[in-house]
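Chain by chain, the residues:
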Amino acid sequence: MQIAIINGPNLNLLGKREPGIYGSESFEDYLQQLKEQYPAVTFSYFQSNVEGEIINYLHQVGFSADGILLNAGGYTHTSVAIRDAIAAIKTPVIEVHISNVYAREEFRHTSLIAPKCVGSICGLGMKGYKLAVAYFL
């Protein structure tokens, strides 16, 4: 099984950025734990702060991976282009957010990508990624 994990803007700062909201663990450390817990899964990981690069990566893995976990960060609430990219690919996508976006600022309550995803997980910290992997298994 091949699962692609895509993290959007500012998620390269996990472990450093607002640890009260996002925790103190880097995503690279967490990814190693996922790999150890799911040895039968081949994970690819991509992070970018650039909307077009995220779209390009969705196009790249969207016809070959078995599942995609996407934390589009702030683009969740603004990017029609990422929404369209999800709609254009074959691979199912799960929207993942570390924080509970519904307990934060009102502008974060609307996800443009959720209607094109098979599901959404938010507010469970990094464990949300593990739950999304479990869905695909």
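As a reminder, the structure under discussion sits directly above these lines.
Residues numbered from 1 in each chain as written. Predicted model: local features only at pLDDT ≥ 70, side-chain atom pairs only at ≥ 80, totals over all residues. Heavy atoms only, no water.

**Some thoughts on the packing of aromatic side chains**
Put simply, the test is: Ring pairs shown here join Phe, Tyr and Trp side chains whose ring centres sit within 6.5 Å, with only the six-membered ring taken for Trp; geometry is labelled stacked below 30 degrees between planes, edge-to-face above 60, and tilted in between. Counting from the N terminus, the helices are DSSP H or I runs at least four residues long and the strands are E runs at least two residues long. Per-residue accessibility, obtained with a 1.4 Å probe over protein chains only, is compared with the maximum for each type, and a residue is labelled buried under 20%, exposed over 50%, and partly exposed between these values.
Applying the stated criterion to the full structure yields six aromatic pairs. On the numbers, 4.7 Å between centres and 25° between planes, the contact of Phe 27 with Tyr 45 is stacked. Highlighted residues: Phe 27 in helix α2 (residues 27–37) and Tyr 45 in strand β2 (residues 42–47), separated in sequence by 18 residues. What makes Tyr 45 partly exposed here is its relative accessible area of 23%.

**Thoughts on the packing of helix α3 (residues 51–61) against helix α4 (residues 80–88)**
Heads up, the condition is: For helices, the fitted line uses only the C-alpha atoms of the stretch in contact; every axis is such a line through C-alpha atoms, and the angle between N-to-C directions lies from 0 to 180 degrees. By definition in this entry, angles of less than 35 degrees are roughly parallel, angles greater than 145 are roughly antiparallel, angles of 65 to 115 are roughly perpendicular, and the rest are oblique. Whether two residues are in contact is decided by their heavy atoms: any pair within 4.5 Å suffices. The nonpolar class holds Ala, Val, Leu, Ile, Met, Phe, Trp, Tyr, Cys and Pro. Asp, Glu, Lys and Arg form the charged class, and all remaining residues, Gly among them, are polar.
In contact at an axis separation of 9 Å, α3 and α4 are set at 0° when each is read in the N-to-C sense. Judged on the interaxial angle alone, α4 and α3 are roughly parallel. Residues Glu 51, Ile 54, Ile 55, Leu 58 and His 59 of α3 pack against Ala 81, Ile 82, Ala 85 and Ile 86 of α4. Split by residue class, the contact of α3 with α4 holds seven nonpolar, one polar and one charged.

**A few points about the nonpolar core**
To be explicit about the condition: Among the buried residues, those of types Ala, Val, Leu, Ile, Met, Phe, Trp, Tyr and Cys that are joined through side-chain atoms within 4.5 Å form a nonpolar core.
Counting 21 residues, the largest nonpolar core has Ile 5, Phe 27, Leu 34, Phe 43, Leu 69 and Tyr 129 as the members making the most contacts within it. Sorting the residues of this core by element identifies β1 (2–7), α2, β4 (93–97) and α5 (127–136) as the ones contributing at least two each. When near neighbours in sequence (up to four residues on either side) are disregarded, Leu 69 contacts Ile 3, Ala 4, Ile 5, Ile 6, Ile 94, Val 96, Tyr 129, Ala 132, Val 133 and Phe 136. The next biggest cluster of nonpolar side chains, apart from the first, holds 19 residues, and it includes Ile 55, Leu 70, Ile 89 and Cys 117.

**Examining α3**
Here is the rule we go by: This arc corresponds to the set of directions leading from the helix axis out to the C-beta atoms.
Among the residues making up α3, those that are buried are Ile 54, Ile 55, Tyr 57, Leu 58 and Val 61. Down the axis of α3, the buried set is contained in an arc of 165°. They therefore lie on one face. Set apart from the buried face of α3 by more than 90 degrees, the exposed residues are Asn 56 and Gln 60. For α3, the secondary structure elements touched by its buried residues are β1, β2, β3 (67–71) and α4.

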